[in-house]
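Observations on the model geometry
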Amino acid sequence: MGDDTWESLFPGRFHRCLPFPSFNVKDLHTVDNGILQHLYPTMEGGDWDVLIAHFLGVDHCGHRFGPDHPAMAAKLTQMDQVIRDVIGRLQNDTLLVVMGDHGMTDTGDHGGESLKETDAALFLYSPSQLFPPSEGQAEPEVIPQTDLVPTLALLLGIPIPYSNIGQVISLLFTRDALANGTSAQLAEAQALWINAKQVNRFLDTYSQIAKDLPLESLARLRGEFSLLSAEYSALLGANPTSPTSPEFAPRLKELLSSLRSYLSEVRETCRASWARFHPLKMASGVAVLAATCLLCCAISELAGVIGRGDWNPLWTSVVLGTVAGGSVAVWQLVFYSQVDLLWALCGAALVSQLAFFWKAYQMNRNGTSKKAKPIPRALLRGLSDLSVPLCILLLRCASLFSDSYVIAEGRVATFLLFTLGVSIPVRLNWDGQLLSLMPDTQKPYPSQSSIRRESLTLLGCLGFLVVSLYLSLSFHGCREEQGSCEPSPFLAPLSRIQDGQLRNLRYFLSVASLVAWAYLVRSWLRHYGNLNSPSPAVFTARWVLPLVTMSVVMYWAVSSTPEESFRNLQELIGLSLLVLPRAAYALLGTGVALVLLNPLTVYLKPRQASPSSMVPPRYRASTGVSPQAELHHLIPQIYQRMRRSLEEEVTGQEGDGRPAVEAYGLGTVYSAPLLLVSGLLGLGLAMLHPEGMALSFLLLLLESAAILYMHSAASSLAAPGDHTDGFWVPWAPVLMWALAATQFFHSTGHLPTFPSIQWNSAFVGFNQSHAGALLPGLLVAANTFSAQILLAVSCPLLLFWPLVRESRGNRRARGAQGDDEAVMEMKLRENPEGFSAALLQLGMRFLLVHGVQLLASVCAAAVLRRHLMVWKVFAPKLMFEAFGFLVTSLFVLLGFAFVMRVDVAVTGWFKRLVPDLSR
């Protein structure tokens with residue numbers, strides 16, 4: 001009765017089962033009260049041999065309130081009374097076992113390896129005396145957890161579980177023998193012999209199924225067991241040696257020692273085999289991952305030529321990789337009669353990558369691409385910008401080989417991000433492109449006023465970034481290894497705070513942060529004219545965004561309500577805890593669906609003349625070109641006539657002073673819907689965190705804005721020659737964006753450890769037990785990797801932001817070179833191949849930075865596999881880094897797919913401006 005996990009683990013094994021939903025950690029009473037309704041009547045009945053009552057109130061109270069909350073005191077008092085009541089109903093032949101399955105940290109969590117988490121009490125009681133009073137106070141024993149299982153099994157008179165390799169606790173059976181007047185050594189020998197037979201049976205069965213135990217070790221253990229069996233039969237078998245015989249006592253003592261030695265040796269043999277490493281597979285995995293990182297680097301620098309008609313190595317690589325993987329599988333099947341999927345995939349990956357590199361080498365050697373630069377020159381052009389970011393990235397990777405730096409990873413990432421941010425103005429100043437004190441009349445591009453304005457913007461954003469970074473340190477959690485570290489008070493849910501004034505202050509601070517998040521997103525959209533259209537995306541920004549904010553705020557208010565203050569409204573509160581988050585989920589889904597349906601936020605306000613008047617005359621009568629090709633060249637021309645009509649209105653050059661057409665939000669047609677979707681995702685992810693993390697999310701938004709403005713200011717200050725290769729994004733902002741993901745991961749209280757996982761997020765909107773593990777798993781993953789999700793989806797903003805913030809002075813300076821040059825994001829429409837190449841390059845660079853960090857974590861775990869902290873530090877770090885990379889890769893693809901969806905919508909919008917051409 002109690003925790004329904006028992007029924008899931010052992011279906012149909014119990015004579016009677018009374019399970020209750022166990023995964024809602026906010027529910028302190030349902031499981032316990034359900035047990036108490038049936039426990040005492042069942043005890044007084046006679047239809048049971050073993051009765052299991054698994055209470056969960058103390059565990060849930062620790063997760064929800066922590067160990068120092070008054071609710072914990074009430075729960076412990078209730079459990080004390082339950083134990084007293086059970087003892088009062090025990091029969092003389094009944095054994096009471098009170099145990100905990102784990103401990104609890106100072107924050108009420110568990111799952112790690114600290115003593116507070118792994119140490120739990122074991123209390124045995126019976127009305128009849130189990131053991132005689134011991135003389136003096138015995139020292140407490142440290143008993144391995146595996147040894148408790150066979151001991152309890154023999155005490156309860158049931159077989160030892162088949163797969164257990166523990167050793168019975170001899171002290172208990174010695175005392176039991178003394179109480180019954182039996183020889184202590186004889187009782188211990190009988191218990192150890194039962195234990196040894198069970199372990200030997202497990203070895204025989206396991207060795208037939210799995211082939212990982214060394215054959216020589218198995219042969220030696222089987223020989224030892226045969227000798228033990230013969231000796232036990234001679235001493236205590238059917239024809240036992242007389243206990244009065246002079247050799248009986250020495251032989252019995254030797255038998256006991258041999259049995260203990262045999263059981264210990266079996267356990268060590270199994271542990272050594274199960275912890276065995278495979279260096280060849282490790283090396284192959286490192287090789288594949290390193291080749292993949294090199295491949296990403298090559299693609300990022302060759303993005304302008306990949307996919308063109310004269311060089312497209314993708315299909316060749318895929319075909320050769322598939323053939324290689326199939327060949328490896330067939331070879332294994334022929335020679336080993338089984339297929340190891342890992343080796344087949346490894347072969348496919350390596351061959352496909354080598355094929356790509358070979359095709360690239362041949363293209364460079366033969367010069368088959370007339371449009372492309374030679375590969376070495378393209379790579380050197382990209383790597384020349386990598387000097388300082390490369391040093392920062394190498395430091396980041398080197399830190400993953402030190403357990404001390406992994407433990408302090410949050411501060412390491414903050415420091416590296418700060419250092420990289422400072423390096424940008426330092427490098428610009430070194431190149432003479434920052435705050436030029438002496439006017440240079442020979443340098444018209446950009447103007448001196450523009451240099452001063454962009455320089456001040458860069459320095460101001462740097463200061464803002466530094467302040468935000470070090471404020472975010474206030475939200476970090478603590479690892480067990482950090483000793484006196486105190487976790488951030490913002491990590492504690494509001495329901496744990498006893499001081500009413502402090503709870504209200506924290507709540508209003510969280511509300512203000514969430515409202516500021518939504519307000520800043522809407523303000524940016526309003527500033528660039530993206531809230532004038534009646535489109536679904538604008539409807540989402542005007543109504544869905546505030547409604548989601550309101551739902552989250554109300555949910556936090558209800559979830560932080562003290563139970564003792566509103567006992568009469570518990571049903572209403574429980575209903576609200578379900579309805580409000582689900583309403584937020586529904587609104588989020590609706591908002592994202594509406595933006596996908598029509599992501600444009602452009603409002604067209606034409607004159608009385610038809611839109612076809614915007615088409616240049618040479619295009620209206622053109623009939624020698626296909627409509628699609630004509631449209632490809634016509635879209636920039638349409639935009640230029642719209643832009644010039646607006647400029648003529650401002651300067652008064654047109655006859656009636658009115659533009660031919662007014663288009664609001666066209667300059668931010670790509671970034672506006674992406675920012676809106678990112679804002680919606682941020683609200684949903686903030687709801688999955690403790691209320692205090694809302695301020696950390698606001699700091700993330702401000703940090704991201706600072707990085708984007710620094711990137712755009714640095715791009716404006718860069719020399720004109722730096723912009724001749726298209727819309728490429730330098731390495732520094734890409735690395736800053738990736739480091740911000742790691743920094744924000746820690747600034748939301750997360751750590752690369754299992755005890756730091758915020759399991760409560762699985763029940764936001766689902767207070768009852770889940771039907772399966774998929775939905776709660778997705779919610780916990782979204783909570784844990786919210787930093788990776790947000791920064792991966794919004795990664796294309798690094799491409800759009802310099803175009804959005806292109807200063808008017810810079811546009812006029814460049815306009816002198818050509819009046820038809822597009823401005824802001826319409827530049828991307830003039831060069832669709834360059835746009836696609838820039839997206840590919842940005843995505844590859846961002847994934848490369850994360851992939852290199854994953855490679856360093858893999859190498860650290862492989863090289864330090866015998867390190868004392870491998871299972872406590874390096875292995876969990878590798879797992880979190882790997883899952884984070886998978887999440888990042890998925891949402892990078894989704895973010896870039898969304899940009900492509902916007903591009904399709906923009907093309908359709910321009911087609912509708914010229915219906916005759918469209919037909």
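The rules behind each value
Residues numbered from 1 in each chain as written. Predicted model: local features only at pLDDT ≥ 70, side-chain atom pairs only at ≥ 80, totals over all residues. Heavy atoms only, no water. Helix = DSSP H or I, 4+ residues; strand = E, 2+ residues; numbered from the N terminus. Buried < 20%, exposed > 50% of the residue type's maximum accessible area, 1.4 Å probe, protein only. Contact = heavy atoms within 4.5 Å. Areas by Shrake-Rupley, 256 points an atom, 1.4 Å probe, with all protein chains shown as cover. Axes fitted to C-alpha atoms, helices over the stretch in contact; angles between N-to-C directions. Parallel < 35°, antiparallel > 145°, perpendicular 65-115°, else oblique. Nonpolar A, V, L, I, M, F, W, Y, C, P; charged D, E, K, R; others polar. pLDDT = per-residue confidence, 0-100. Disulfide = S-S within 2.5 Å. 1 Å grid on protein atoms, 1.4 Å probe; cavity = no way out; pocket = protein on both sides within 12 Å on 5 of 7 lines; lining within 4 Å. Points joined across faces, edges and corners; volume = space filled by probe spheres on them. Core = buried A, V, L, I, M, F, W, Y, C linked by side-chain atoms within 4.5 Å. Lys, Arg positive; Asp, Glu negative; His and termini not counted. Salt bridge = Lys/Arg side-chain N within 4 Å of Asp/Glu carboxyl O. Polar contact = N/O pair within 3.5 Å; in protein donor to acceptor, adjacent residues only side chain to side chain. Expected span 1.5 Å × (residues − 1). Phe/Tyr/Trp six-rings, centres within 6.5 Å; stacked < 30°, edge-to-face > 60°. Patch = residues over 30% accessible without salt bridge, like charges linked within 9 Å, V, L, I, M, F, W, Y side chains within 5 Å.

1. A look at the overall build of the protein
Within the protein, the regular secondary structure consists of 34 helices and 6 strands. In the protein, which comprises 919 residues, the proportion classed as buried is 49%. Sequence-distant contacts in the protein: of pairs separated by 6 or more residues, those separated by 24 or more amount to 76%. Accessible surface for the protein amounts to roughly 44,900 Å². Of this, 62% is attributable to carbon and sulfur atoms.

2. With respect to the packing of helix α29 (residues 797–804) against helix α32 (residues 832–863)
Where α29 contacts α32, the two axes come as close as 10 Å, and the packing angle between them is 130°. Of the possible angle classes, the one that applies to α29 and α32 is oblique. Counting all contacts with α29, which are made through Leu798, Leu799 and Phe800, the residues of α32 involved are Phe835, Ala838, Leu839 and Leu842. Class assignment for the residues of the contact of α29 with α32 results in 7 nonpolar, no polar and no charged.

3. Some details on the confidence of the model for the protein
Of the residues in the protein, 80% have a pLDDT of 70 or more, and the chain-wide mean is 81. Counted against residues more than four places away or in other chains, residues 649–660, with its pLDDT under 50, gives 14 contacts. Counted against residues more than four places away or in other chains, residues 721–725, with its pLDDT under 50, gives 6 contacts.

4. Overview of the state of the cysteines
Tallying each qualifying case throughout the model produces 1 disulfide. Shown here is the disulfide that connects Cys478 with Cys485, its sulfur atoms set 1.9 Å apart. Between Cys478 and Cys485, the disulfide has an S-S torsion of -60° and is therefore left-handed.

5. Examining empty space enclosed by the protein
Taken as a whole and judged by the stated rule, the model has 3 cavities of 30 Å³ or more. Here the largest cavity is characterised by a volume of approximately 170 Å³. For the largest cavity, the lining is made up of 16 residues, of which Thr742, Gln788, Lys877, Phe880 and Glu881 are closest to its centre. Of all the secondary structure elements, the ones that give two or more residues to the lining of the largest cavity are α26 (731–747) and α33 (870–913). By residue number, the principal contributor to the lining of the largest cavity is α33, which donates 6 residues. Each residue belonging to the lining of the largest cavity can be placed in one class, and the counts come to 6 nonpolar, 6 polar and 4 charged.

6. Side note on the nonpolar core
Counting 149 residues, the largest nonpolar core has Tyr670 and Leu799 as the members making the most contacts within it. The element best represented in this core is α33, accounting for 14 residues. Those residues within four positions of Tyr670 in sequence are excluded, and the remaining contacts are Phe800, Glu825, Leu828, Arg829, Phe835, Val899, Val902, Asp903 and Val906. Membership of the second largest hydrophobic core comes to 28 residues, among which are Trp193, Leu228, Leu255 and Val266.

7. Some words on the side chain of Glu691
With respect to the element layout, Glu691 can be found in the loop between α24 (671–687) and α25 (694–717). Arg506 provides the closest opposite charge to the buried, salt-bridge-free Glu691, at an N-O distance of 5.4 Å. In terms of polar contacts, Glu691 uses its side chain to reach the side chain of Ser559, at 3.4 Å. Leave out the neighbours within four places in its chain, and Glu691 touches Pro493, Leu494, Ser510, Trp556, Ser559 and Ser560.

8. Side note on α25
Look at α25: 35 Å from first C-alpha to last across 24 residues, which is about the 34 Å you get at 1.5 Å a residue. Among the 24 residues that make up α25, 20 are buried, leaving the element largely enclosed by the rest of the structure.

9. As for the packing of aromatic side chains
Following the criterion strictly, the structure yields 24 aromatic pairs and no others. Summarising the aromatic geometry, the rings of Tyr507 and Phe508 are spaced 5.7 Å apart at their centres and angled 65° between planes, so their arrangement reads as edge-to-face. Since its relative accessible area comes to 16%, Tyr507 is described here as buried. Their ring planes at 20° and their centres at 6.3 Å tell us that Tyr585 and Phe766 sit as a pair that is stacked. Taken as a pair, Tyr585 in helix α21 (residues 570–597) and Phe766 in the loop between α26 and α27 (774–784) lie far apart in primary sequence, 181 residues in all.

10. Topic: the pattern of salt bridges
Here the structure, examined in full by the defined rule, presents 15 salt bridges. Here Glu44 and Arg89 are joined by a salt bridge, their closest N and O atoms 3.3 Å apart. Here Glu44, found in helix α2 (residues 30–44), pairs with Arg89, found in the loop between α4 (70–88) and β3 (96–99); they are 45 residues apart in sequence, far enough to count as distant. With a relative accessible area of 58%, Glu44 lands in the exposed category. Residue classification places Arg89 among the partly exposed positions, given a relative accessible area of 31%.

11. A short note on a nonpolar patch on the surface
Taken together, the side chains of Val330, Trp331, Val334, Phe335 and Tyr336 present a nonpolar region at the surface, about 600 Å² in accessible area. For Val330, the position within the fold is in helix α12 (residues 314–336).

12. A closer look at the packing of α25 against α26
Running from N to C, α25 and α26 point in directions that differ by 170°, and their axes come no closer than 11 Å. One finds that α25 runs roughly antiparallel with respect to α26. Judged by residue contacts, Ser696, Phe697, Leu700, Glu703, Ser704, Ile707, Leu708, Met710 and His711 of α25 engage Pro733, Met736, Trp737, Ala740, Gln743, Phe744 and Ser747 from α26. Counted by class, the contact of α25 with α26 contains 10 nonpolar, 5 polar and 1 charged residues.

13. Re the environment of Val579
By secondary structure assignment, the location of Val579 is in helix α21. The exposure class assigned to Val579 is partly exposed, which follows from its relative accessible area of 46%. Taking the C-alpha atoms as reference, Val579 lies 9.3 Å from Phe766; in sequence the two are 187 residues apart.

14. Describing the environment of Leu213
Mapped onto the elements, Leu213 comes out in the loop between α8 (184–209) and α9 (215–236). Separated by 59 residues in the primary sequence, Leu213 and Ala272 place their C-alpha atoms 8.9 Å from one another.

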